[in-house]
Amino acid sequence: MAYTGETIDVDATLQRLNKAASERGFDCFSLVEQDGTVVPYFTRAAKTESAPRIYLLAGMHGDEPASPLSVLDLLENDLLGMGVDWTIFPMLNPAGFRINQRENHQGVDLNREYKAPTTKEVKAHVEVIEQSEPWDLALIIHEDWESEGYYLYDLPTELTDGWAPRIIEAVSRVCPIDLSDSIDEMSAKGGIIAPRLEDIDTEPKLMGHWPEPIFMHAEGKIRGTYTFESPSSFDFTTRIQAHNAAILASVELLLGSKR
Ligand SMILES: [Zn+2]
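Since the model is a prediction, treat every value here as computed from it, not as a measurement.

**Thoughts on the coordination of the zinc ion**
In the first shell of the zinc ion, the protein supplies H61 (ND1), E64 (OE), E64 (OE) and H142 (ND1), at 2.0 to 2.3 Å from the metal. Around the zinc ion sit 4 donor atoms, and with donor-metal-donor angles ranging over 58 to 148° the site reads as irregular. As a motif over one chain, the donors of the zinc ion read H-x2-E-x77-H. The exposure class of E64 is buried, given its relative accessible area of 4%.

Dropping the structure here:
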């Protein structure tokens, strides 16, 4: 089975993303050229000193279109506050979106590449991460066509202790939560999967195939991270609203912790 819902026009979406980002005062960079398409990323320094730093990544898998669209919605509606230092990768895998495929155009799942990158996309991404100052929070936006509602991966950290239920609560106002005991073959509770870092190198699915947040954590580049998963059997509007609610709730929690 595969995702059979609505898809996006890649060039039009990239054009809107770049336009919205530059109108909102972001500096727009090219990460790398992927099969003829520029993969963009955006940064904007906060207006205040000692502001928290947030990393936001979308569009890693080409069959998860609500992910880049939520970033587009946040940018176009000016919902990303000036009190944060932002780094945004709005669509890491445009070539995958062109063929509505999880993997890139060469059939590689980019999110299993972070321990030993082979693709130029992930190599370039790793280089930017390594050269950047650490972030307080990494928010990583995905979709899941098998889930019955919204859920998140909570990599437990001191900074974000206790935040996940509050994020889920914010999302539940706009989208049902997946309340299964087991999601994606991992145990879950109240829409929250909390993988144990100790298991990373013994879990067969992940061994040697680190996804992005594990790499960032191992490199000491983040103090906390969430991976958000919207249910792609739901309608586009609900999925986008759900991601936006999760992202904005996380930003509020981080800003609150700094006060
Ligand atoms: Zn994904």
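**Thoughts on the sheet that holds strand 9 (residues 192-193)**
The strand order 1-2-4-3-5-10-6-9 describes an open sheet built from 8 strands, whose pairing is mixed. This sheet does not close on itself; its edge strands, each paired only once, are strand 1 (27-34) and strand 9. Examined bridge by bridge, strand 6 (residues 151-155) and strand 10 (residues 222-231) share 5 bridges and lie antiparallel to one another. Across the sheet, the residue bridging to D154 is Y226, located in strand 10. Contacting strand 2 (37-44), strand 3 (53-57), strand 4 (85-89), strand 5 (135-144) and strand 10, helix 2 (residues 66-76) runs over the sheet at an angle of about 130° to strand 5.

**Quick look at the packing of helix 5 (residues 164-172) against helix 7 (residues 236-258)**
The contact between helix 5 and helix 7 brings their axes to 8 Å, and the two run at 140°. Taken together, helix 5 and helix 7 sit at an angle that is classed as oblique. Viewed along their axes, helix 5 and helix 7 form a crossing whose handedness is right-handed. Contacts between helix 5 and helix 7 involve R166, I167, A170 and V171 on the former and, on the latter, A242, A245, A246, A249, S250 and L253. Class assignment of the residues belonging to the contact of helix 5 with helix 7 gives a composition of 8 nonpolar, 1 polar and 1 charged.

**Considering the environment of G191**
Within the element layout of this structure, G191 appears in the loop between strand 8 (186-187) and strand 9. The spatial distance from the C-alpha of G191 to the C-alpha of E113 is 26 Å, given a sequence separation of 78 residues. Setting aside residues no more than four positions away along its own chain, G191 makes contact with Y150, Y151, L152, I168, I177, D178 and L179.

**Considerations on the side chain of E64**
As for its position among the elements, E64 is in the loop between strand 3 and helix 2. Reaching out from E64, the side chain makes a polar contact with the side chain of H142 at a distance of 3.1 Å. Ignoring sequence-local partners within four residues, the contact set of E64 consists of F97, R102, H142 and E143.

What counts and how
- Residues numbered from 1 in each chain as written.
- Predicted model: local features only at pLDDT ≥ 70, side-chain atom pairs only at ≥ 80, totals over all residues.
- Heavy atoms only, no water.
- Donors = N, O, S within 2.8 Å, 3.2 Å for Na, K, Ca; no water.
- Tetrahedral: all angles 85-135°; square planar, octahedral: opposite > 155°, others 65-115°.
- Buried < 20%, exposed > 50% of the residue type's maximum accessible area, 1.4 Å probe, protein only.
- Pairing = 2+ DSSP bridges.
- Helix = DSSP H or I, 4+ residues; strand = E, 2+ residues; numbered from the N terminus.
- Contact = heavy atoms within 4.5 Å.
- Axes fitted to C-alpha atoms, helices over the stretch in contact; angles between N-to-C directions.
- Parallel < 35°, antiparallel > 145°, perpendicular 65-115°, else oblique.
- Left-handed = near helix turned anticlockwise from the far one by under 90°.
- Nonpolar A, V, L, I, M, F, W, Y, C, P; charged D, E, K, R; others polar.
- Polar contact = N/O pair within 3.5 Å; in protein donor to acceptor, adjacent residues only side chain to side chain.

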